[in-house]
Amino acid sequence: MARIAFIGLGNMGKPMSANLVKAGHEVRGHDIVESKIEDAARRGVLPAASNREAAEGADFVFTMLPTGREVREVLVDVDRILDFVGDRTIVVDSSTTDLESTDYIHKAAVKHGVALVDSPVSGGMSGAEAATLTFMAGGDPAAIDRAEPLFTVMGRKLVRAGGPSAGQAVKVCNNMLLGISMVGACEALALGEAAGVDRQVLFDVMSTSTGSCWSINHNCPIPGMVPTAPANNDYQPGFTARLMLKDLSLAREAALKTGAATPLGEHARALYEKFCEERDSELDFSAVIGMLRDMRQG
Ligand code: NAD
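Residues numbered from 1 in each chain as written. Predicted model: local features only at pLDDT ≥ 70, side-chain atom pairs only at ≥ 80, totals over all residues. Heavy atoms only, no water.

A closer look at the packing of aromatic side chains
Line of reasoning, step 1. According to the stated counting rule, one finds 5 aromatic pairs in the structure shown.
Line of reasoning, step 2. Ring geometry for F62 and F151: centres 6.3 Å apart, planes at 90°, overall edge-to-face. Taken as a pair, F62 in strand β4 (residues 60-63) and F151 in helix α8 (residues 141-154) lie far apart in primary sequence, 89 residues in all. Like F151, F62 is buried.
Line of reasoning, step 3. Aromatic side chains F135 and F151 sit 4.7 Å apart centroid to centroid with 35° between the ring planes, which places their arrangement in the tilted category. Within this pair, whereas F135 is found in strand β8 (residues 133-139), its partner F151 is found in helix α8, the two being separated by 16 residues in sequence. Each member of the pair, F135 together with F151, is buried.
Line of reasoning, step 4. Through pairs of rings, three or more aromatic residues link up here, namely F6, F62, F135 and F151. (Phe/Tyr/Trp six-rings, centres within 6.5 Å; stacked < 30°, edge-to-face > 60°. Helix = DSSP H or I, 4+ residues; strand = E, 2+ residues; numbered from the N terminus. Buried < 20%, exposed > 50% of the residue type's maximum accessible area, 1.4 Å probe, protein only.)

Given below as structure tokens:
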């Protein structure tokens, strides 16, 4: 049994920490929102009055925070968790953050002699609840090995992405591709509809031919094709357009940092920005098909 601190008990952190409790670990949790601590406590997480109190004496500290800003504040600039924990503690950041922030916390960890792993996840809230997340881990291989039994409690797949920040980098690449492929799927379906082709025919061809992809086969933006797709439930998420915009914005930042050309990623980001401004950012990201239909030219 490990002693684990869990910082950030929101949509993802609450079920993830609860799964660690279920596996028999002692989990102390903190969140700046009191009601989130109470919700987690109902699932067996021991309430801590501060992030530092949660981290005191922990074997592992997990952070699951909104953005790189909160991660930098908690680990380095405000709560200074990396300065506070000892060198036998392993710190794992599972938030999705910008590469600048990940580099920043890795550098601070080296300075304080603490093993840090960046390990964002895919699989969403349902995956967090069902413990079927994929973890993409970057950092010292020995630290990843030590955290592996916890990753396998909260998820079903661990990808060893490489050295420091490689987890965040691979997550941003995958999600940029997902955003592009969803916009592509929506455009192709809207074009087929405009050309008068039956929706079922469009789906049957696209889901079995060279155009097949996760966005068509598992998250089809038109209702009636894939039973579990959010399109069948008025586009209730699923994965919100707000989070897709966040990930495409992170991809843009990564492209600027590295000099890589990502014209389609930028185009998809601009479309999700428009969708979030003009429509409903809390809908599933496949709902962008409605906006594309309405953008008809001529
Ligand atoms: P969330 O906003 O529901 O949870 C984040 C929690 O962090 C909130 O409860 C917030 O109060 C807390 N918090 C903020 N600042 C804090 C601080 N200084 N100290 C302690 N707690 C603090 O977000 P979420 O949906 O749980 O997502 C968390 C991360 O996981 C994000 O980076 C997100 O991009 C990523 N992610 C989310 C999903 C998803 O489907 N929701 C999927 C994959 C990855």
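Things to note about the nonpolar core
Line of reasoning, step 1. Counting residues in each nonpolar core, the largest one holds 39 residues, and the members touching the most others are L189, C220, Y272, F275 and V288.
Line of reasoning, step 2. The set of elements that each furnish at least two residues to this core consists of α9 (166-194), α10 (199-208), α12 (241-258), α13 (263-278) and α14 (288-294).
Line of reasoning, step 3. Excluding its chain neighbours within four sequence positions, the residues that come into contact with C220 are L189, F203, S215, M225, V226, A229 and A231.
Line of reasoning, step 4. Among the nonpolar cores identified, the runner-up in size contains 30 residues, and A2, F6, I144 and M154 belong to it. (Core = buried A, V, L, I, M, F, W, Y, C linked by side-chain atoms within 4.5 Å. Contact = heavy atoms within 4.5 Å.)

Some words on the domain arrangement of the protein chain
Line of reasoning, step 1. When cut into domains, the protein chain gives domain 1 (3-163) and domain 2 (169-294).
Line of reasoning, step 2. Distance between the C-alpha centres of domain 1 and domain 2: 29 Å.
Line of reasoning, step 3. On the side of domain 2, 9 residues touch domain 1, which itself brings 13 residues to the contact.
Line of reasoning, step 4. Carbon and sulfur atoms make up 67% of the area that domain 1 and domain 2 hide from each other, which totals about 970 Å².
Line of reasoning, step 5. Among the residues of domain 1 in contact with domain 2, T96, L99 and M136 are the three that bury the most area, contributing 48% of the side total.
Line of reasoning, step 6. Remark: the boundary between domain 1 and domain 2 carries 1 salt bridge. (Domains from an automatic or database assignment. Buried area = accessible area lost by both parts, 1.4 Å probe. Salt bridge = Lys/Arg side-chain N within 4 Å of Asp/Glu carboxyl O.)

Section: the site of the ligand
Line of reasoning, step 1. Neighbouring residues of the ligand: 23 residues in total, closest N11, M12, D31, T96 and K246.
Line of reasoning, step 2. In the environment of the ligand, an oxygen atom lies 2.9 Å from a nitrogen or oxygen atom belonging to the backbone of P66.
Line of reasoning, step 3. Among the elements of the structure, α4 (68-77), α7 (124-130) and α12 are those that each provide at least two residues to the shell around the ligand.
Line of reasoning, step 4. Both domain 1 (3-163) and domain 2 (169-294) contribute no fewer than three residues apiece to the shell around the ligand. (Near = heavy atom within 4 Å. Polar contact = N/O pair within 3.5 Å; in protein donor to acceptor, adjacent residues only side chain to side chain.)

Describing the pattern of salt bridges
Line of reasoning, step 1. This structure, assessed with the given rule, holds 19 salt bridges.
Line of reasoning, step 2. Residue R3 is joined to E26 by a salt bridge in which the shortest nitrogen-to-oxygen separation is 3.3 Å. Note that R3 is positioned in strand β1 (residues 3-7) and E26 in strand β2 (residues 26-30), a separation of 23 residues in sequence.
Line of reasoning, step 3. A relative accessible area of 24% means that E26 is categorised as partly exposed.
Line of reasoning, step 4. A salt bridge links R252 to E266, with the nearest nitrogen and oxygen atoms 4.0 Å apart.

Re unusual backbone geometry
Line of reasoning, step 1. The linkage connecting P237 with the following residue, G238, adopts the cis geometry, with an omega of 10°.
Line of reasoning, step 2. Mapped onto the elements of the fold, G238 is located in the loop between α11 (214-217) and α12.
Line of reasoning, step 3. Despite not being glycine, D234 has its phi angle at roughly 50°, a positive value.
Line of reasoning, step 4. Mapped onto the fold, D234 is located in the loop between α11 and α12.

Points about the packing of helix α1 (residues 13-22) against α8
Line of reasoning, step 1. Relative to each other, α1 and α8 sit at 110°, their axes nearing to 9 Å. The angle between α1 and α8 places the two elements in the roughly perpendicular class. Between α1 and α8 lies a crossing of right-handed hand. Taking contact as the criterion, the partners of M16, N19 and L20 in α1 are, on α8, L150, V153 and M154.
Line of reasoning, step 2. Per-class residue counts for the contact of α1 with α8 are 5 nonpolar, 1 polar and no charged. (Axes fitted to C-alpha atoms, helices over the stretch in contact; angles between N-to-C directions. Parallel < 35°, antiparallel > 145°, perpendicular 65-115°, else oblique. Left-handed = near helix turned anticlockwise from the far one by under 90°. Nonpolar A, V, L, I, M, F, W, Y, C, P; charged D, E, K, R; others polar.)

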